[in-house]
Amino acid sequence: MDLIKIKEAREELHKLVQFVGMVPRSLLKHDPSDSNASLIWDDKYKALMSQEVEGVTVGLSIHNQRLLVVKHENSLEIPAIDKSTDDVLDELKNTLTNLGLEGSELKTELPYELPESVTKLGQPFKEVDKEALQSLEDLYGVTYKVLNRVFSSNDSASEIRCWPHHFDLATLVTVEKHEDPEEAKSIGFGFSPGDGGYEEPYFYLTPWPYPEVKKLYELDAPAIWNTEGWVGAVLKANELTSNTLEDSLTSFFETGLEKLKSLL
């Protein structure tokens, strides 16, 4: 896994995925939590798809850097390579309008800040390495598969969602509810394609509230504890082989659930 090419692919996709969350954020009833802009993984399209708006869903097709617009099983593609953000926005607006939605109502303002390396406003989307794109698509797919298998029967687990802010795919298991969300006990299980802390894609476990570092349990290699800025377990994707990835990830999540629940 070439980490430079992965980083370039992740940044281009992170910029493009903002259009996907933009559609329900703009056209559905306002949600202060921004959860209406969260995405789901769709195995049929191998894409991160938006919530439905009047029968229409928008998605990010990772392997070819395109937006998908789907209505009644019919899909259209909007290529992004060599187009500016304004060009992609105009084409998305026109496509939605042709499908009966208020495409002109799309709002580009985000309720969060993105890294400058992701936004690069005014610059066209560039074509990135195909193998890097495919690696990221595969990682999102296997994460969804394992999370779904491990947590589908867990009533305390949230729906598996991708949040366009951090571009991670995750579920949150509530260990102990509380009226104040900051006081509730929970564990996040997910995948990040990389960020400011780790350039490479990684899987994670994040307990809340953060436990004392001295109380953390010993992880099976190659997983490590992150204790700078946030406390959680990290399993880097490039330290696993394709043959062991699914089993290693399953063990990482299952063991983490058992031990972190006890720790909290």
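Above this text sits the structure in question.
This structure is a prediction, so every number in the text was calculated from the model and none was measured.

Participant: Would you mind going over the overall build of the protein chain in detail, with residue names and values included?
Facilitator: Of the regular secondary structure elements, the protein chain holds five helices and eleven strands. For 264 residues, the compact-globule estimate of 2.2 N^0.38 gives 18 Å, and the protein chain sits close to it at 19 Å. The principal-axis extents of the C-alpha atoms in the protein chain amount to approximately 55 × 45 × 35 Å. A buried classification covers 48% of the 264 residues belonging to the protein chain. In the protein chain, of all internal contacts separated by at least 6 residues, the share reaching a separation of at least 24 is 59%. Summing over all exposed atoms, the protein chain offers an accessible surface of approximately 13300 Å²; the carbon and sulfur share of this is 46%. Of the charged side chains in the protein chain, 26 are positive and 47 negative; the average position of the first set lies 1 Å away from that of the second.

Participant: How would you summarise helix α5 (residues 245–263) if you had to cite specific residues and measurements?
Facilitator: For α5, which comprises 19 residues, the first-to-last C-alpha distance of 26 Å matches the rise-based estimate of 27 Å (1.5 Å per residue) to within 8%. Among the residues of α5, L245, L249, T250, F252, F253, G256, L257 and L260 are the ones counted as buried.

Participant: Run through the sheet that holds strand β4 (residues 66–71), naming residues and quoting values.
Facilitator: With respect to topology, five strands assemble into an open sheet ordered β1-β2-β3-β4-β5, the strand pairing being antiparallel. In this open sheet, the two strands that pair with only one neighbour each are β1 (40–42) and β5 (74–79). Along the sheet, successive strands turn relative to each other by an average axial angle of 30 degrees, direction set aside. The sheet contact formed by β4 and β5 spans six bridges and is antiparallel.

Participant: Can you tell me about the packing of aromatic side chains, naming the residues and giving the values?
Facilitator: Under the criterion given, the structure shown has 13 aromatic pairs. Ring centres 6.5 Å apart and planes at 55 degrees place the aromatic pair F151 and F253 in the tilted group. Remark: F253 occurs in helix α5 and F151 occurs in helix α4 (residues 130–151); sequence separation between them is 102 residues. No difference in accessibility class separates F151 from F253, as the two residues are buried. Note on F191 and F203: the rings are 5.4 Å apart at their centroids and 45 degrees apart in plane angle, and the pair reads as tilted.

Participant: Outline the pattern of salt bridges, listing residues and values.
Facilitator: This structure, assessed with the given rule, holds 15 salt bridges. In this structure, the salt-bridge partner of R10 is E199, at a minimum N-O distance of 3.1 Å. Taken as a pair, R10 in helix α1 (residues 3–27) and E199 in the loop between β8 (185–192) and β9 (202–208) lie far apart in primary sequence, 189 residues in all. Its salt-bridge partner being E246, residue R149 comes within 3.0 Å of it at the nearest N-O pair. Taken as a pair, R149 in helix α4 and E246 in helix α5 lie far apart in primary sequence, 97 residues in all.

Participant: Mind laying out the packing of α1 against α4, listing which residues take part and the relevant values?
Facilitator: Their axes nearest at 9 Å, the elements α1 and α4 cross at an angle of 70 degrees. Our classification of the angle between α1 and α4 gives roughly perpendicular. Crossing geometry of α1 relative to α4 is assigned as right-handed. Of the residues in α4, those in contact with K5, I6, A9, R10 and L13 of α1 are A132, L133, S135 and L136. Looking at the contact of α1 with α4 residue by residue, the class counts come to six nonpolar, one polar and two charged.

Participant: Before we move on, could you go through the nonpolar core and cite the residues and values that matter?
Facilitator: Counting 64 residues, the largest nonpolar core has L92 and F203 as its most contacted members. With ten residues, the top contributor of residues to this core is α4. Once you skip the residues sitting within four places of it in the chain, F203 turns out to touch L139, T143, G190, F191, A233, V234, L235, A237, L240, L245, L249 and F252.

Conventions and cut-offs
Residues numbered from 1 in each chain as written. Predicted model: local features only at pLDDT ≥ 70, side-chain atom pairs only at ≥ 80, totals over all residues. Heavy atoms only, no water. Helix = DSSP H or I, 4+ residues; strand = E, 2+ residues; numbered from the N terminus. Rg over C-alpha atoms; globule rule 2.2 N^0.38 Å. Buried < 20%, exposed > 50% of the residue type's maximum accessible area, 1.4 Å probe, protein only. Contact = heavy atoms within 4.5 Å. Areas by Shrake-Rupley, 256 points an atom, 1.4 Å probe, with all protein chains shown as cover. Lys, Arg positive; Asp, Glu negative; His and termini not counted. Charge placed at Lys NZ, Arg CZ, Asp CG, Glu CD. Expected span 1.5 Å × (residues − 1). Pairing = 2+ DSSP bridges. Axes fitted to C-alpha atoms, helices over the stretch in contact; angles between N-to-C directions. Phe/Tyr/Trp six-rings, centres within 6.5 Å; stacked < 30°, edge-to-face > 60°. Salt bridge = Lys/Arg side-chain N within 4 Å of Asp/Glu carboxyl O. Parallel < 35°, antiparallel > 145°, perpendicular 65-115°, else oblique. Left-handed = near helix turned anticlockwise from the far one by under 90°. Nonpolar A, V, L, I, M, F, W, Y, C, P; charged D, E, K, R; others polar. Core = buried A, V, L, I, M, F, W, Y, C linked by side-chain atoms within 4.5 Å.

So yeah, pure geometry; function would need other evidence.
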